[in-house]
Every structure is written in C-alpha cells, then in structure tokens.
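# Reading the structure
Here is what each chain is made of, one letter per residue.
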Amino acid sequence: MLERRLMSAELYDPGTGSPAVAVQVIVAENDHSFTLNEAALERILLDRRVRDSEIVILSIAGAFRKGKSFLLDFFLRYLYAKGSKNWIGDPDAPLKGFPWKGGSERNTSGILMWSDPFEISLPNGDKLCILLMDTQGAFDSQSTVKDCATIFALSTMISSVQVYNVTSNIQEDDLQHLQLFTEYGRLALEGSKAKPFQDLHFLIRDWPYPYQYEYGWTGGEKLLEKRLKIIEGQHEELQQLRRHLRSCFNKIKCCLMPHPGLKVATNQNFDGRLSDIEGDFKIHVEEFVSSLLLPESLVVKEINGTKITGKELIEYFKAYIKIYQGSELPEPKSMLEATAEANNLAAVANARDLYAKHMEMVCGGDKPFLHPELMQKEHDRCHQEAIQLFQSIRKMGGEEKSRIYLEQLEREITEMYGNYSSHNSAKSFYASFQTPLTLVVLLVALIIISKLSDLIGLESIVSLLSFGVMAVLASLVAWGYTRMTGKFPEVGSSIDDAALFIQQMMYRSKGLVVKADGEKKTL
C-alpha cells in the first residue's frame, strides 16, 4: 500500500522535504545556442548526498515524441519504491515525474535532471547516488542539425549509461550520430588505455518483428550483432564506424520493446496509468528498468578510468558547454582538450578541498590562536598532502598540461594560507575576555568566602578554599600564556570550556543560558 500511495501522490525529495521536480540544467536559447544553468546544477550536484559521492548518471536521448520522458518516469517509480517486488505500482495511478504529454509537438527542451538524487547501498556496503537525465528530442521542426548533435553529444559525454531511444529498428542514420564519438574515442585511446565512454543501450521502441527477434535483451543482442556486422561491399566509412564503435564504449547492448497499445497512442487524455497500457509492454518495461537499476548492474561514472563525484562533474559540465557555444560543432580534438581541462580542474578542486579541510581542523574559525611556527608546520603538512593527492589522480593531457594546473593549485594554496594566517593573527589580539573575567570573578568570590569562613572559625573550609584560589590563579596564568604565545592550544581550550561551564552555572539560576560565543539567551 505504501508504494500505491506514493504513485498517486506528489513526488518529494526526502533530503529537503520539498517537491522533487525535473530541473533544466542545460538551457536551449532562441538563437540555437545552449547555456549552463549553473545555479540549478550546483543545487543538485553539491547536495550533501551527492557532493563527495560516486554517481551513476542514466540519460535517455533520441528523436522527439518517442516516449523518452514517459519511460524515465518508470525509472522514478522503481527508485522511489526502492526496487520492491510491486514497484510498478497501482494500475490506476497516473504516471508522474518528468513532464510528458501526448501529441506531435515537443515537450522537453535542453537537458533536464531530476532534482532528487537517489542514495543506493551496494552489497559490499558502499554507497552511491543515482541521477536521472532527460534530453530534448532530436529532429523536430524547431531544432537544427547542430542542436540535435549538441544535445546528443553532451548527454553521452556526461552520462555513465546512455539509453539511445529509437523507433522500430536500428537505421543507418541512428549509427551515424555516433560518428563524432568514434573519432573522439580514437584520439582519446591514443593517450589512454581506458575507453572514453561507458554504456550505450539501444532501446528499440514499438519493435514490429517479434517473430524474427523476440522482445527483450536476447532478441536485441541478435539484432545489434547483425546491424554492427561488417559485410563485404560495405562502404569504408560504414566499416570504420562499426570497427571503432565497440572500442569507444565499455558496453553496447540492445533491448527490443513492444508497442504500449492504441490507448497510449491515440487517447489525448492518457495520463500514464497502467490499466491503459498493453500487458506485453508492462512486462518488458519492468524487465528493462530493473536490469539497469539493480545494485549489481549500476555503472558508476568514470572519466579516464577514474570514478567521478558530484562536485567533480560540475567541472565537466562547464568545460563541455564551453566548446559547444560556437556556430559549428567542435572538432573531436577540442572535445578531448575540454575533457582534459575538466579532468585537471577537478583534481585541483579535490586537492584544494583537502588542504582546506585539514587546515580548518587546526586553525579554523572556532579554533584558538596557534603559534606561527606551529601553524607553518601544519601548513607544510597539509600542503604536502594536497600536492600528493593531486599527483595521485589520473589526469589527461600529459605532463605539460598537468604542470600548469599544479602551478594553479600552488597559487591557490598560497592564497588560502595567507587568509588563514591573517585570521589566526587576529585571534591573538581580539581574543574574548570571557574566560579571564570569569576566572577573576571566581577568584575574588573564593577569597571573600575564605575570609568570612576564617572569621567564624571554619578552618577546614578555609584550607579547601585556599586550594581553590591557587587552582584558579594557576588556570588564569596558564590561559594567559597559551593566548600570548600560541603554544599548548589544547590547554587553553580546556580552560575556556571550564570557564563556559562556570558561566552557565552562574546564569542558570537567572533563566539564562550562555553560548560559546558569549551570547546569552532566555531559557
């Protein structure tokens, strides 16, 4: 019942509590250019669940009005139901998620990404995030050839699994769209043994010949083998395309899907409910979606053999959109250079983040003043670790390009160290007077109580209070030493904690609570 209620309700992102929606991350402009919606992309990829996580990016591309968005919503059903046995849902529940509609006009523009990342636990205990991506349909009346090629290229280069949605059969022009990638792949393989692209799945919709090749993966593999076979008399260009295609992708597969039925195709009020869809289609869409999303089948995004995290993927989006801004399609060499640039920038970002993380632990905003000599030692250690991380990451473009980005990393670390040094120096001059003030008040109180106890003859209490006076006095001297010299910062922190506790005890009776920054709030 839980899954059934889910399918009939709005879809919500459990990480934010907000409604989950399809977000346009690549915007198609009126002048046939494409721009990156950087703010929207960062909201998804810098989410705490995605930022430092390995990611699976499943994209679907192909001609317009062929059911791409409709199909993606079955992927959403599976993921929100967490792959349960009856994940396909209530037969009378409308299909929600990526926007789609019947008719002959296109509905999706640019590239969309689902705002809710799906966290998945693998059998070995590792976790990763799944992101779903929808693309503008190709060959509609509003798109140029370059528009179609750009969307297809961007989605293929970004995704770890590209579903190539075609109708009825694999035609020669469907294969021609892959020509750009085979040339790119040939150049990329010259400098690396890792294949430049990952999984490509041909999904043949409305397959009309099940008596020749049966529906599903088995029939699809037989058809694909025939279509990619090099035969005698074939043009050299067609032979070369087939020869290089398998060397560019880690895996190429094909699945044959039956027609969903006349109600889907002809009813303008069709809203995706299963009761209007033919049984054969439901069986095979369940098989197709499950086979791609089972934990053991997931394909983590890799570039040059290195697994990519959410924050790193942002650099690739930026680099790729830049080379597709011109009036002509970029040369494969330009695509390779853009990948190498993003690859190196991601390595710089990772190393910079490591340096910042470790420096925050020793001299961040909530840490006490650190002696300059100790701070220099910590900087040297963090700096060395950052450089080692940068050098350990597999990078594209050769040593010369890597050296350029290493120099950039050195400059950024130097600038960050200057900021940390300035912030640390400020702490020694403007340190809070809460701790010494508390200790002085306590010291005076103990002396007064000690004198009064001595007057009335309570000698045992006087001895105890005298010991307290000496302890407070020693704490005051030790605190002053740590603040003036920057040495033994952990001792100063312990005294600060003790003073804060005393303040809280003093104010508790007045209905106030003292926070670490000295602010008092009414209970």
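Since the model is a prediction, treat every value here as computed from it, not as a measurement.

Conventions adopted
Residues numbered from 1 in each chain as written. Predicted model: local features only at pLDDT ≥ 70, side-chain atom pairs only at ≥ 80, totals over all residues. Heavy atoms only, no water. Helix = DSSP H or I, 4+ residues; strand = E, 2+ residues; numbered from the N terminus. Contact = heavy atoms within 4.5 Å. Areas by Shrake-Rupley, 256 points an atom, 1.4 Å probe, with all protein chains shown as cover. Axes fitted to C-alpha atoms, helices over the stretch in contact; angles between N-to-C directions. Parallel < 35°, antiparallel > 145°, perpendicular 65-115°, else oblique. Left-handed = near helix turned anticlockwise from the far one by under 90°. Nonpolar A, V, L, I, M, F, W, Y, C, P; charged D, E, K, R; others polar. Patch = residues over 30% accessible without salt bridge, like charges linked within 9 Å, V, L, I, M, F, W, Y side chains within 5 Å. Salt bridge = Lys/Arg side-chain N within 4 Å of Asp/Glu carboxyl O. Buried < 20%, exposed > 50% of the residue type's maximum accessible area, 1.4 Å probe, protein only. Polar contact = N/O pair within 3.5 Å; in protein donor to acceptor, adjacent residues only side chain to side chain. Core = buried A, V, L, I, M, F, W, Y, C linked by side-chain atoms within 4.5 Å. Pairing = 2+ DSSP bridges. Phe/Tyr/Trp six-rings, centres within 6.5 Å; stacked < 30°, edge-to-face > 60°. Lys NZ or Arg CZ within 6 Å of the ring centre and 35° of its normal. Arc of directions from axis to C-beta.

Let us look at the overall build of the protein. In terms of helices and strands, the protein carries 17 helices and 13 strands. For the protein, long-range pairs separated by at least 24 residues make up 73% of all intrachain contacts whose partners lie at least 6 apart in sequence. Total accessible area computed for the protein in this model is approximately 26,100 Å², and 55% of it derives from carbon and sulfur atoms.

In this section: the packing of helix H15 (residues 434-455) against helix H16 (residues 459-485). In contact at an axis separation of 9 Å, H15 and H16 are set at 160 degrees when each is read in the N-to-C sense. Comparing their axes, H16 and H15 come out roughly antiparallel. For the crossing formed where H15 meets H16, the hand is left-handed. When H15 is examined against H16, the residues Thr435, Pro436, Leu439, Val440, Leu442, Leu443, Leu446, Ile447, Ile449, Ser450, Ser453 and Asp454 are found in contact with a partner set consisting of Ile461, Val462, Leu465, Ser466, Gly468, Val469, Val472, Leu473, Ser475, Leu476 and Trp479. The residue makeup of the contact of H15 with H16, split by class, is 16 nonpolar, six polar and one charged.

Let us look at a nonpolar patch on the surface. A contiguous nonpolar surface patch, about 740 Å² in accessible area, is contributed by Val440, Val444, Ile448, Leu452, Leu455, Ile456, Leu458 and Ile461. The element contributing the most residues to the nonpolar patch is H15, with five residues. Among the secondary structure elements, Val444 is positioned in helix H15.

With that settled, consider the side chain of His371. Topologically, His371 is positioned in the loop between helix H12 (332-363) and helix H13 (372-392). On the basis of relative accessible area, His371 is assigned to the buried category, the value being 18%. Within the structure, His371 has its side chain in polar contact with the backbone nitrogen of Glu373 (distance 3.0 Å).

Helix H10 (residues 279-293) packs onto helix H3 (residues 68-80) with a crossing angle of 65 degrees between their chain directions and a minimal axis gap of 10 Å. As H3 packs across H10, the resulting crossing turns out to be right-handed. Counted together, Phe70, Leu71, Phe74, Phe75, Tyr78 and Leu79 of H3 and Phe281, Val285, Phe288, Val289, Ser290, Leu292 and Leu293 of H10 form the full contact between these two elements. Grouping the amino acids of the contact of H3 with H10 by side-chain chemistry returns twelve nonpolar, one polar and no charged.

With that out of the way, let us pick up the nonpolar core. Soluble globular proteins tend to pack their nonpolar side chains together in the buried interior. Residues Leu45, Phe202 and Phe317 are the most contacted members of the largest nonpolar core, which totals 63 residues. A total of eight residues in this core trace back to one element, the largest contributor, which is helix H11 (residues 310-323). Beyond its immediate chain neighbours, meaning those up to four positions away, Phe202 contacts Tyr164, Ile170, Leu175, Leu178, Leu224, Ile252, Lys253, Cys254 and Cys255. Ala20, Leu95, Leu128 and Leu274 belong to the second largest nonpolar core, which has 44 residues in total.

Attention shifts here to the pairing of strand E5 (residues 118-121). Judged by which residues are buried, E5 turns out to be one-sided: Phe118 and Ile120 face inward and are buried, whereas Glu119 and Ser121, on the alternate face, are not. Inspection of the sheet shows E5 paired to strand E6 (residues 127-135) by four bridges, in the antiparallel sense. Directly across from Ser121, in E6, lies its bridge partner Lys127. Hairpin connection from E5 to E6: five residues lie between these consecutive antiparallel strands, with Gly125 at a positive phi of about 95 degrees.

Moving on to the pattern of salt bridges. Here the structure, examined in full by the defined rule, presents 17 salt bridges. Between Asp52 and Lys311 there is a salt bridge, and its shortest N-O distance comes to 3.2 Å. Pair noted here: Asp52 is in the loop between helix H2 (38-45) and strand E3 (54-62) and Lys311 is in helix H11, with a separation of 259 residues, a long-range link. Assessed through its relative accessible area of 53%, Asp52 is described here as exposed. Its relative accessible area of 16% is what places Lys311 among the buried residues. A single salt-bridge network, built from bridges that share partners, covers Arg51, Asp52, Lys311 and Asp353.

So, on to the environment of Val289. Examined against the element boundaries, Val289 turns out to sit in helix H10. Once the C-alpha coordinates of Val289 and Leu71 are considered, the two residues, 218 residues apart in sequence, prove to be 8.9 Å apart. For Val289, the contacting residues outside a window of four places in its chain are Phe74, Phe75, Tyr78 and Trp87.

So, about unusual backbone geometry. Despite not being glycine, Lys82 shows a phi value in the positive range, around 55 degrees. Counting through the fold element by element, Lys82 comes out in the loop between H3 and strand E4 (111-114). Although it is not a glycine, Ser168 adopts a positive phi angle of roughly 75 degrees. With respect to the helices, strands and loops of the structure, Ser168 is situated in the loop between strand E7 (161-167) and helix H5 (172-176).

Glancing now at the packing of aromatic side chains. The tally for this structure, following the rule as stated, stands at 17 aromatic pairs. The interplanar angle of 40 degrees and the centroid separation of 6.3 Å between the aromatic rings of Trp207 and Tyr213 together place this pair among those described as tilted. When sorted by exposure, Trp207 lands in the same class as Tyr213, which is buried. Ring centres 6.2 Å apart and planes at 80 degrees place the aromatic pair Tyr209 and Tyr211 in the edge-to-face group. Cation over ring: Lys253 sits above Trp217, and NZ or CZ is 4.5 Å from the ring centre.

Turning to the pairing of strand E8 (residues 197-205), a few remarks are in order. For E8, the buried fraction is high: nine of the nine residues fall into the buried class. Sheet analysis places E7 next to E8, joined by seven bridges and oriented parallel. Considered in E8, the bridge of Val166 is made with Ile204. Sheet topology note: the E8/strand E9 (residues 249-256) ladder contains seven bridges and is parallel. Paired with Leu200 across the strands is Ile252, a residue of E9.

Right, let's talk about helix H7 (residues 217-227) for a bit. Listed in full, the buried residues belonging to H7 are Trp217, Gly219, Gly220, Leu223 and Leu224. The arc enclosing the buried residues of H7, seen along the axis, measures out at 155 degrees, which places them on a common side. Looking at the packing, one finds that the buried side of H7 touches E8, helix H8 (236-248), E9 and H10.

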